[in-house]
Amino acid sequence: VSHMENHLHRPEIAGALARGEGTAVRHSATIGIDFVYVARLVAAPDGRQWIVRLSQPIAALSRLERRFLGVLALAAFAALLAMAAISWWLDRRLFVPLADLIAAAREIGDGEYDTRFDIPSETELATLGLALSRIARRAQEQIAALAAERDHLHTVVDSLADGVLVIDLDGRADTANPVFRDLLGHPAPIAGRTLREVSRQPALSDLVERVRREGGRQTTQVELPPPHRRILDLHATALAGGDGAVVVARDVTESEQLHRMRRD
């Protein structure tokens with residue numbers, strides 16, 4: 001040691017004295033290879049200060065770096081495999097069943113209540129699937145009940161002796177029974193037509209307008225010109241919620257003629 005040169009001015013020693021720690025990379029003239037040097041200032045219990053210096057050949061560090069890169073590549077490959085496996089599992093257990101439920105919900109929303117779909121095995125998705133199935137079944141039952149009620153109502157209205165006309169919110173004919181069409185001389189269905197198209201008599205339009213404006217029940221009488229010479233009593237009532245009106249037409253031709261004869 002007495003024959004070794006003074007290392008006080010080496011970069012790593014100067015760094016340790018100045019900052020407490022220093023590093024340097026240089027060629028060792030003694031051994032003939034490149035080294036990495038690290039020096040650190042250490043305080044002894046008796047108050048004296050020492051400098052501890054470690055060195056490692058760069059070739060050894062290169063081997064360590066290559067080994068580290070190999071381990072890192074292996075770890076990255078294992079992570080990719082794990083991610084692929086987890087992605088496949090999630091796709092099979094969650095995403096595909098969820099996509100099927102979304103597609104089924106979209107079809108049910110479009111009115112296809114008889115849509116069939118598999119119930120997923122995942123607990124949360126199974127709960128969602130069962131709830132969606134109950135909604136579709138309940139909606140189908142309610143629509144069937146409404147259709148049956150509608151058909152029953154149409155049968156009742158068609159069997160009435162008086163004519164019945166239902167006006168929608170836009171003031172157009174929604175439905176009319178055969179008696180009403182026969183009284184006004186309309187053999188074809190009049191659904192979707194305006195009141196002017198249903199009857200040339202302004203009394204009908206005025207009656208509906210008065211009902212929509214004042215509410216309650218309004219009545220008027222209209223006499224149809226030839227060839228459908230008839231006298232009709234019209235009774236109009238507003239539907240609940242202001243969604244339109246219903247007009248009932250009764251043929252009073254004979255009674256009015258008798259009344260006129262008695263009056264004459």
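Treat the numbers as computed from the prediction; the structure is a model and nothing was measured.

Engineer: Explain the overall build of the protein to me, and be specific about the residues and the numbers.
Structural biologist: Helices and strands together make up the secondary structure of the protein, namely seven helices and eight strands. In summary, the protein has a C-alpha radius of gyration of 48 Å against a globular reference of 18 Å for 264 residues, an excess of more than 25%. When the backbone C-alpha atoms are referred to their principal axes, the protein occupies close to 155 × 40 × 35 Å. In the protein, which carries 32 positive and 35 negative side-chain charges, the distance between the mean positions of the two groups comes to 7 Å.

Engineer: Tell me about the sheet that holds strand β2 (residues 34–43), and please be specific about residues and values.
Structural biologist: Strand order in the open sheet made by the three strands is β1-β2-β3, with antiparallel pairing throughout. Sheet topology places β1 (21–27) and β3 (49–57) at the edges, where each strand pairs with a single neighbour. On average, each strand axis in the sheet is inclined to that of its neighbour by 20 degrees, with strand direction left out of account. Bridging between β1 and β2 involves seven bridges; their strand directions are antiparallel. By the bridge assignment, H27 is partnered in β2 with D34. Most of the contacts of helix α1 (residues 11–19) go to β1, to which it runs at about 170 degrees, and overall it touches β1, β2 and β3. Across the sheet, helix α2 (residues 58–109) touches β1, β2 and β3, and the angle it forms with β3 is around 65 degrees.

Engineer: Which residues make up the nonpolar core, and what values go with them?
Structural biologist: Counting 22 residues, the largest nonpolar core has L165, F180 and L234 as the members making the most contacts within it. For this core, the secondary-structure elements that each account for two or more residues are β4 (163–167), β5 (173–176), α4 (178–184), α5 (195–198), α6 (202–214), β6 (217–224), β7 (230–238) and β8 (245–251). Those residues within four positions of F180 in sequence are excluded, and the remaining contacts are G163, V164, L165, I190, V198 and A249. Ranked by size, the runner-up nonpolar core spans seven residues in total, among them L101, A104, I108 and A136.

Engineer: Explain the pairing of β5 to me, and be specific about the residues and the numbers.
Structural biologist: Two strands pair when backbone bridges link them, and β4 and β5 are joined in this way by three bridges, in the antiparallel orientation. Its bridge partner lying in β5, V166 is registered against T175.

Engineer: Run through α1, naming residues and quoting values.
Structural biologist: Because an α-helix completes one turn every 3.6 residues, residues spaced three or four positions apart along the sequence face the same direction. Among all positions in α1, only E12, I13, G15 and A16 are buried. Buried residues of α1, seen end-on, are gathered within an arc of 160 degrees and therefore sit on one face of the element. One or two positions beyond α1, positive phi appears at G20, with a value near 95 degrees.

Each value, and the rule that gives it
Residues numbered from 1 in each chain as written. Predicted model: local features only at pLDDT ≥ 70, side-chain atom pairs only at ≥ 80, totals over all residues. Heavy atoms only, no water. Helix = DSSP H or I, 4+ residues; strand = E, 2+ residues; numbered from the N terminus. Rg over C-alpha atoms; globule rule 2.2 N^0.38 Å. Lys, Arg positive; Asp, Glu negative; His and termini not counted. Charge placed at Lys NZ, Arg CZ, Asp CG, Glu CD. Pairing = 2+ DSSP bridges. Axes fitted to C-alpha atoms, helices over the stretch in contact; angles between N-to-C directions. Contact = heavy atoms within 4.5 Å. Core = buried A, V, L, I, M, F, W, Y, C linked by side-chain atoms within 4.5 Å. Buried < 20%, exposed > 50% of the residue type's maximum accessible area, 1.4 Å probe, protein only. Arc of directions from axis to C-beta.

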